[in-house]
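The chain contents come next:
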Amino acid sequence: MNKKKIKLSIKRDDLLHPVISGNKWRKLKYNLINMKSKGYDSFVTFGGAFSNHLYASAMACKTFNLTGHAIIRGPEIDESNPTIKMARACGMNLYAVNRKTYRSRHAPAYLQTLQTEFPNSFIIPEGGTNHAALRGVAELAASLPQSDYVICATGSGGTVAGLAKGCTHNTQVIGIAVLKQAEYLNQEIAQLLTSTHSGAPWQLLTNHHYGGYGKFTDDVWAFCQFMHQAYKLPLEPVYTGKMLFAVWQLISQDYFPQGSRITAIHTGGLQGLDGLRYRGLIAR
């Protein structure tokens, strides 16, 4: 990077909280504040069995003495899964549904059914991504150094949208999609920002998924291990590791002009390493 005259800074948002780290803290903050202000005494949310959102939501239940209900993409719950074990220990109520039902998680009719099943419960979308989440991520943007580019891993689009809302028009926000066929997220992000968006310009890069969501290449994992050994920077290969590996490639390809100041966001998710070890995808 010295040869390219590129300055790369990494915002360690994974250190924001011991457990509810990174963008999950940012997204949950105002969702939970809204929940309390509207008089709800519990919440319902959604996630995969290994998801960072499930992990963070469960810890929020324990930390703030809340009742939480999680709809888990099933059809069964593996009680030996480390994320599930932690959620159970925090008192989270878990309900497995089949994949067809889980795909209805945004459908108004299904959400109304859940509202009836869990009365006086506030519904938080999968990943925590909604307009309330943007407010929390915008606070992250306000804490960053002056940058020409702010870059983050992208799964649902909420972090990109929040950064675009919070950064100035002199900064380009780039999301690195971690899943295949993620072009649809452009529309999701645009809808979150609405037509009156006046913050930073943004774009989504969709060719750096390295196999798709939850998948990664040997090169990505080797990069994560190198960064940990060389820079004491812990990474997992599903989100931040994949994003930083993409940034390294883009710098080598002269994607960024010389003299660019780049801030990459470490959005947390390190608990995912336990799940990868549990599934035998990385060494124990």
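Just above sits the structure.
Thresholds, definitions, all that
As a convention, each chain's residues are numbered from 1 in the sequence order in which they are written. The model is predicted, so local features are restricted to residues of pLDDT at least 70 and side-chain atom pairs to those at 80 or more, both for listing and for counting; the totals for chains, interfaces and linings are taken over all residues. Hydrogens and water are ignored here; the side-chain numbers use all heavy atoms of the structure. One requirement defines pairing of two strands: DSSP has to find at least two bridges between them. Note on conventions: DSSP H or I runs of at least 4 residues are helices, E runs of at least 2 residues are strands, and numbering of each starts at the N terminus. Note on geometry: axes are C-alpha line fits, over the in-contact stretch for helices, and angles between N-to-C directions span 0 to 180 degrees. The contact criterion used throughout is that any non-hydrogen atoms of two residues lie within 4.5 Å. Here, nonpolar core refers to any group of buried Ala, Val, Leu, Ile, Met, Phe, Trp, Tyr and Cys residues whose side-chain atoms link them within 4.5 Å. Summary of the burial criterion: residues with accessible area below 20% of their type's maximum are buried, those above 50% are exposed, and those between are partly exposed, where the area comes from a 1.4 Å probe applied to protein chains only. Polar contacts, as counted here, are pairs of nitrogen or oxygen atoms within 3.5 Å of one another; within protein the pair requires one atom able to donate a hydrogen and one able to accept it, and residues that are adjacent in sequence qualify only if both atoms are side-chain atoms. Crossovers are described as right-handed under a simple rule: with the strands pointing away from the observer, the path leading from the first strand over the helix to the second runs clockwise. Every helix has an expected span of 1.5 Å times one less than the residues it contains. We define a salt bridge as a side-chain nitrogen of Lys or Arg found within 4 Å of a carboxyl oxygen belonging to Asp or Glu.

Chemist: Before we move on, could you go through the sheet that holds strand β2 (residues 42-47) and cite the residues and values that matter?
Modeler: Here 4 strands make up an open sheet; going across it, the order is β4-β3-β2-β5 and the pairing parallel. At either margin of the open sheet sits one strand with a lone partner, and together these are β4 (93-97) and β5 (121-123). Averaged over all adjacent pairs, the angle separating strand axes in this sheet is 25°, with direction ignored. Two strands pair when backbone bridges link them, and strand β3 (residues 67-73) and β4 are joined in this way by 5 bridges, in the parallel orientation. If you follow Ile71 over to β4, its bridge partner there is Tyr95. The strands touched by helix α2 (residues 52-64) within the sheet are β2, β3 and β4, with β2 carrying the most contacts at an inclination of about 160°.

Chemist: Quick rundown of the nonpolar core? Include the residues and the values.
Modeler: Core analysis: the biggest nonpolar cluster contains 37 residues, and Ile151, Ile176, Met243 and Phe256 have the highest contact counts within it. The greatest single-element share of this core, amounting to 7 residues, is contributed by helix α10 (residues 240-252). Listed in part, the 23 residues of the second largest apolar core include Ile20, Tyr55, Ala70 and Phe122.

Chemist: Give me the lowdown on the side chain of Thr240, citing residues and values where you can.
Modeler: Inspection of the secondary structure puts Thr240 in helix α10. On the basis of relative accessibility, which here comes to 1%, the residue Thr240 falls in the buried class. There is a polar contact of 3.3 Å between the side chain of Thr240 and the backbone nitrogen of Thr267. Sequence-distant contacts of Thr240, that is, excluding residues within four places in its chain, are made with Ala153, Leu235, Ile265, His266, Thr267 and Gly268.

Chemist: Tell me about the environment of Asp78, residues and numbers included.
Modeler: Looking at the element boundaries, Asp78 is found in the loop between β3 and α3 (82-89). Separated by 41 residues in the primary sequence, Asp78 and Pro119 have C-alpha atoms spaced 27 Å apart. Ignoring anything within four residues of it in the chain, the contact list for Asp78 reads Ile84 and Tyr278. A distance of 2.9 Å separates the side chain of Asp78 from the backbone nitrogen of Ser80, its partner in a polar contact. Here the side chain of Asp78 touches Tyr278 through a polar contact of 2.5 Å, side chain to side chain.

Chemist: Kindly report on the pairing of β2, identifying the contributing residues and their values.
Modeler: Burial within β2 is extensive, with 6 of its 6 residues counted as buried. Pairing of β2 with β3 involves 6 bridges; the strand directions are parallel. Bridge assignment links Val44 to a residue of β3, and that residue is His69. In this region the chain leaves β2, passes through α2 and returns to the parallel neighbour β3; the handedness of that crossover is right-handed.

Chemist: Account for α10, naming residues and giving values.
Modeler: Compared with an ideal rise of 1.5 Å per residue, which puts 13 residues at 18 Å, α10 spans 18 Å between its outermost C-alpha atoms and is within 8% of the ideal. Counting buried positions over the 13 residues of α10 gives 10, a clear majority of the element. Inspection of α10 places Thr240, Gly241, Lys242, Met243, Leu244, Phe245, Ala246, Val247, Leu250 and Ile251 among the buried residues, and these make up the whole buried set. At its buried positions, α10 is contacted by β1 (7-12), β6 (149-154), β7 (172-177), β8 (202-205), α9 (218-231) and β9 (261-266).

Chemist: Provide a residue-level description of the pattern of salt bridges, including the pertinent values.
Modeler: Applying the stated criterion across every chain, the model contains 7 salt bridges. Arg12 is the salt-bridge partner of Asp14, the closest N and O atoms lying 2.8 Å from each other. Residue classification places Asp14 among the buried positions, given a relative accessible area of 8%. By relative accessible area, which is 27% here, Arg12 ends up partly exposed. The shortest N-O distance in the salt bridge between Glu126 and Arg105 comes to 2.8 Å. Here the residue Glu126 occupies a position in the loop between β5 and α6 (131-142), and Arg105 occupies one in the loop between α4 (99-102) and α5 (108-117), the gap between them amounting to 21 residues.

Chemist: Just give me the short version of the sheet that holds β1, but keep the residues and values in it.
Modeler: On the basis of which strands lie adjacent, the open sheet formed by 5 strands has the order β1-β9-β6-β7-β8 and parallel pairing. Of all strands in the sheet, those with a lone pairing partner are β1 and β8, marking the two edges. Neighbour to neighbour, the strand axes of the sheet diverge by 25° on average, direction disregarded. For β6 and β9, the ladder comprises 3 bridges, and the chain directions are parallel. The residue bridging Val150 from the neighbouring strand is Thr263, located in β9.

On their own, these measurements won't tell you what the molecule is for.
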